[in-house]
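# Residue-level structure breakdown
In case you want the letters, here they are:
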Amino acid sequence: MVYIPNTPWTWCFLIIAFVESAIILGFEGFVFATFQNNIIYDVDNDDKSSQNQYLNQTQNPSQTRTIPTYLTLFIFAHLFLIVLVYDALRLKNTIQVIGLCIFNGAMLIYAAIQMDQIKEANEFLVAEQLAHRDIWPDIQPFLIAIPCVMGLCTILMSVVAWKLYDEFAWTIYKHISADLRMKRRYLTFQIFVALLKFDFFFFLGFTIQFLVIVLESNDIEFKLTIAVIPLTIIFLVTAAWATRRENLWLMGCVVVVLHGSMAYFLFKLVRMYNDKLRLHLYLPARRSLTSFAVITLLLITVTIANAILCMLNFNKGLKPHITKRKFPTEEEKHDMTEMSPHVAHPVPSRMTID
């Protein structure tokens, strides 16, 4: 059964996200096509060898890969936003709704970084005669409009999120009862699940930029980095399953792996500024990579702390509320949440005793 928003505020939140993404994707698509069509790739056959040598000398491959990577990642971010908005409304996850407002604000900052990077790349290509013409006057209005649209939509989403907070709080109250301790445990679980989803995006965003812009395909690190992507997806799914099933041993392994991922991102971050041999490869994307690495490190730190809190809440009565539910009946449809229908009955008062 497909979830359909059934209140005015859930419809508002979904429509705002959809309209914003449609506008941004249109603007980004135009900028992407204009930038790509302006790059000079083809030369006469007699000049191909000299042109290839010239490209290597000026590091133009890194420059020409940087902007398409930014734009593709930005497009993916808005597709990801739509999926998470629908998911948050379906699960009535208040924390995820609030997180999406913060996520939209973070992408607003990325939009400002993107504008500066595109301007620099365009100037480089024009100066080195590797572009047909200066396209900055054509794309500048769209690049200015993107953060303006995102800023307005972030404000609107925040207002609607405040209304959804009250709406979802009533639903959670009816399923968890007035037990404040149980509600705190459920809130901790919601935070953890939402963090895992945002961890996925920022890890993937950093990895894609690192693969496309910095690494070469014949590098062993390139192959290892690609192998990490599916392993990360499996790890995040396992982490969510472990906390839902209250598997203490598996959650302990999750915390250990999260500490290892912190070390990985710290290593990457330090090397970006200390690796003299690859400095020319890092420069075109260093600001963007740094912002993604820092945000990912902050998210991992919060995720570790929340994972430990989830482990402390194991075996205290929360598990029946968050196990997989069956599809609700028409009477229950209005009150759809992440909890099983069989726990919709009053919870015994002894559940408040730890």
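The rules behind the values
Residues numbered from 1 in each chain as written. Predicted model: local features only at pLDDT ≥ 70, side-chain atom pairs only at ≥ 80, totals over all residues. Heavy atoms only, no water. Helix = DSSP H or I, 4+ residues; strand = E, 2+ residues; numbered from the N terminus. Buried < 20%, exposed > 50% of the residue type's maximum accessible area, 1.4 Å probe, protein only. Salt bridge = Lys/Arg side-chain N within 4 Å of Asp/Glu carboxyl O.

## Quick look at unusual backbone geometry
Excluding glycine, most residues fall at negative phi; most peptide bonds, likewise, are trans. Unlike most non-glycine residues, Lys-92 shows phi in positive territory, near 55°. Counting through the fold element by element, Lys-92 comes out in the loop between α3 (60-91) and α4 (94-127). Looking at Lys-92, the relative accessible area reads 4%, which means it is buried. At Asn-315, a position not held by glycine, the phi torsion is positive, near 60°. Its place among the elements puts Asn-315 in the loop between α10 (286-312) and α11 (319-322).

## A word on the pattern of salt bridges
Where charged atoms of side chains with opposite charge meet at close range, the side chains can pair. Under the defined criterion, the tally for this structure stands at three salt bridges. Among the salt bridges present, the one from Arg-90 reaches Asp-87, with a minimum N-O distance of 2.8 Å. Of this pair, Arg-90 and Asp-87 both sit in helix α3, three residues apart, which is roughly one turn of that helix. The partner of Asp-138 in a salt bridge is Arg-133, and the shortest N-O contact between them spans 2.7 Å. The exposure class of Asp-138 is partly exposed, given its relative accessible area of 31%. On the basis of relative accessible area, Arg-133 is assigned to the partly exposed category, the value being 45%. Residues joined by salt bridges that share partners form a network here, namely Asp-87, Arg-90 and Lys-197.

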